[in-house]
Amino acid sequence: MTMTSEEQVRYSRQTLLQEFGKEGQERLKNSAVLCIGTGGLGSPSLMYLAAAGVGKIGLIDPDIVDLSNLHRQILHDSDRVGTPKLESARSRVAAINPHVEIIEHSGYFNAHNCLAIVKDYDLILDGSDNFPTRFCANDAAFFLKKPLIHGAIFQFEGQVTVFAPHLGGPCYRCLLPEPPPEGAVPT
Amino acid sequence: MEAIKLLAGLGSPPLGRLVHYRALDTSFREIKIKPDPSCPLCGTQPTITAPVAYPEKSCDMNNDGLPEISTQDLKNILDSGFDGILLDVREQDEFFMAHIDGCQLLPLSGWPEAASNLPKEETYYVLCAAGMRSARAGMWMLDNGFEKVTNVAGGMKSWQQERALD
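Residues numbered from 1 in each chain as written. Chains lettered and ligands numbered in written order. Predicted model: local features only at pLDDT ≥ 70, side-chain atom pairs only at ≥ 80, totals over all residues. Heavy atoms only, no water.

1. Brief notes about the overall build of chain B
Thought 1: Of the regular secondary structure elements, chain B holds 5 helices and 7 strands.
Thought 2: When its helices and strands are written in sequence order, chain B yields α-β-β-β-α-β-α-β-β-α-β-α.
Thought 3: Its C-alpha radius of gyration of 19 Å places chain B more than 25% over the 15 Å reference for a compact globule of 166 residues.
Thought 4: Burial statistics for chain B: of 166 residues in total, 41% are counted as buried.
Thought 5: Sequence separation of at least 24 residues holds for 59% of the intrachain contacts in chain B that already meet a minimum separation of 6.
Thought 6: Total accessible area on chain B stands at roughly 9,000 Å², and carbon and sulfur atoms take up 51% of it.
Thought 7: Of the side-chain charges in chain B, 15 are positive and 23 negative, and the distance between the mean point of each set is 8 Å. (Helix = DSSP H or I, 4+ residues; strand = E, 2+ residues; numbered from the N terminus. Rg over C-alpha atoms; globule rule 2.2 N^0.38 Å. Buried < 20%, exposed > 50% of the residue type's maximum accessible area, 1.4 Å probe, protein only. Contact = heavy atoms within 4.5 Å. Areas by Shrake-Rupley, 256 points an atom, 1.4 Å probe, with all protein chains shown as cover. Lys, Arg positive; Asp, Glu negative; His and termini not counted. Charge placed at Lys NZ, Arg CZ, Asp CG, Glu CD.)

2. Considering the sheet that holds strand β5 (residues 148-154) of chain A
Thought 1: What the 8 strands build is an open sheet, ordered β3(A)-β2(A)-β1(A)-β4(A)-β5(A)-β6(A)-β1(B)-β2(B); its pairing is mixed. Both outer strands of the open sheet, β3 (101-105) of chain A together with β2 (27-32) of chain B, are each paired with one neighbouring strand and no more. Each strand axis lies, on average, 15 degrees off the axis of its neighbour in the sheet, ignoring direction.
Thought 2: Here 3 bridges tie strand β4 (residues 123-126) of chain A to β5 of chain A, and the two strands are oriented parallel to one another. Bridge pairing links Asp126 of chain A to His150 of chain A in β5 of chain A.
Thought 3: Along the sheet, helix α4 (residues 42-52) of chain A contacts β1 (32-36), β2 (56-60) and β4 of chain A; its crossing angle with β2 of chain A, the most-contacted strand, is approximately 160 degrees. (Pairing = 2+ DSSP bridges. Axes fitted to C-alpha atoms, helices over the stretch in contact; angles between N-to-C directions.)

3. Regarding the pairing of β5 of chain A
Residue and element names in this part refer to chain A.
Thought 1: Burial within β5 is extensive, with 6 of its 7 residues counted as buried.
Thought 2: The parallel pair β4 and β5 is bridged by helix α7 (residues 131-144), and the resulting crossover is right-handed.
Thought 3: Direction of pairing for β5 relative to strand β6 (residues 157-163): antiparallel, over a ladder of 7 bridges. Along β6, the bridge assignment pairs Phe154 with Glu157.
Thought 4: In this structure, the hairpin formed by β5 and β6 is closed by a connection of 2 residues, where Gln155 is found at a positive phi of approximately 50 degrees. (Right-handed = clockwise from strand over helix to strand, strands pointing away.)

4. Here's the deal with the interface of chain A and chain B
Thought 1: Between chain A and chain B, the contact holds 58 residues from the first and 52 residues from the second.
Thought 2: Summing both sides of the interface, chain A and chain B together bury roughly 4,800 Å²; the carbon and sulfur share of this comes to 72%.
Thought 3: Linking chain A to chain B there are 0 salt bridges.
Thought 4: Summed over the shared surface of chain A and chain B, the result is 11 residue pairs in polar contact (both at pLDDT 80 or more).
Thought 5: At the level of secondary structure, the elements contributing two or more residues to the side of chain A that touches chain B comprise α3 (21-29), α4, α6 (114-118), β4, α7, β5, β6 and α8 (172-175) of chain A.
Thought 6: For the side of chain A that touches chain B, a count of residues per class yields 38 nonpolar, 12 polar and 8 charged. (Buried area = accessible area lost by both parts, 1.4 Å probe. Salt bridge = Lys/Arg side-chain N within 4 Å of Asp/Glu carboxyl O. Polar contact = N/O pair within 3.5 Å; in protein donor to acceptor, adjacent residues only side chain to side chain. Nonpolar A, V, L, I, M, F, W, Y, C, P; charged D, E, K, R; others polar.)

5. Some words on helix α2 (residues 71-79) of chain B
Residues and elements named next belong to chain B.
Thought 1: Taken together, the buried positions of α2 are Thr71, Leu74 and Lys75. Around the axis of α2, the buried residues are gathered within 100 degrees of arc, so they sit on the same side.
Thought 2: For α2, the elements touching its buried residues are β3 (68-69), β4 (85-88), β6 (123-127), β7 (148-152) and α5 (155-165).
Thought 3: Just past α2, the residue Gly81 takes up positive phi, approximately 85 degrees. (Arc of directions from axis to C-beta.)

6. Looking at the side chain of His105 of chain A
All names here are of chain A.
Thought 1: Its location among the elements puts His105 in strand β3.
Thought 2: For His105, a relative accessible area of 17% puts it in the buried group.
Thought 3: Side-chain polar atoms of His105 contact the side chain of Tyr121, separated by 2.7 Å.
Thought 4: For His105, the residues in contact, after removing those within four places along its chain, are Leu34, Gly58, Leu59, Ile60, Asp61, Leu86, Ile117 and Tyr121.

7. So, the domain arrangement of chain B
It is common to give the size of an interface as the accessible area that goes away when the parts come together.
Thought 1: Assigned domains of chain B: these are domain 1 (1-46) and domain 2 (68-165).
Thought 2: Once you take the C-alpha centre of each, domain 1 of chain B and domain 2 of chain B turn out to be 29 Å apart. (Domains from an automatic or database assignment.)

Given below as structure tokens:
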């Protein structure tokens, strides 16, 4: 896959990096990332991945943009309040980088559709806000041998790791075998 | 960044390393997570063979008979020299994020087995993130021979909000 001259300029500052180079850029362009959630975690991740030139980005988020989301979910603009996050995310990602192919997955990500969705991607980014979805992402990633980027934020703290048992290391269930019993849990 | 590294083939991913950032004191800590051989999914004898469907959370709670106190009252009790047990029933990763000094961690995911060795005559204050799980734990305790059990309403969320105002 060759880059246009526009793309060469667009990505020139990162292709300059010796470790990254044109090869790294080609790899990104040939990659597909599934982003579960376009909220506090999904927003910045998505914007950076799109800007950096990931070839295909899948979006899942059944929610509507709320005014109280805007201070941290920076993907969504003020004029999007009350509209589906999926549409808002699509238009913003397209504006950041028109070279990105955007796939919208409507509805929820659940045990019934997760394998069918995840199989078309190289990597999963979990920016979800609930345990059923988080466990689903982990299970699907494990069965299909896709790396899962796990992030979580709570008040002033945050954490990140990569779950990829096929490359070594644990899965999310090694940390938490089952979702905590029902009740309010910070997510 | 972790996604870009993996996709472009740069550096190494933090497999088995959970990096934890605390903005208020600008500190990073790293928690090692080993693969668990008894993991129901990736362990040596997995019990999960397909993605598991979990029900959406329900809100029907019945806390009848379980006394509650506010986190402010809890603070007063702890400050005045409490000699009972403050039981934190959150999970380990939540506990790591923040906890009250002197509390005993007993994640609800391990109940009821985990709670079976608790002395029944002690005085307990039960705490979780927001007061829901601790209410479940507290109800179980009342149903199983514990008499002096009180739920901490609002949990760590309320506790931390108050401490932020101190």
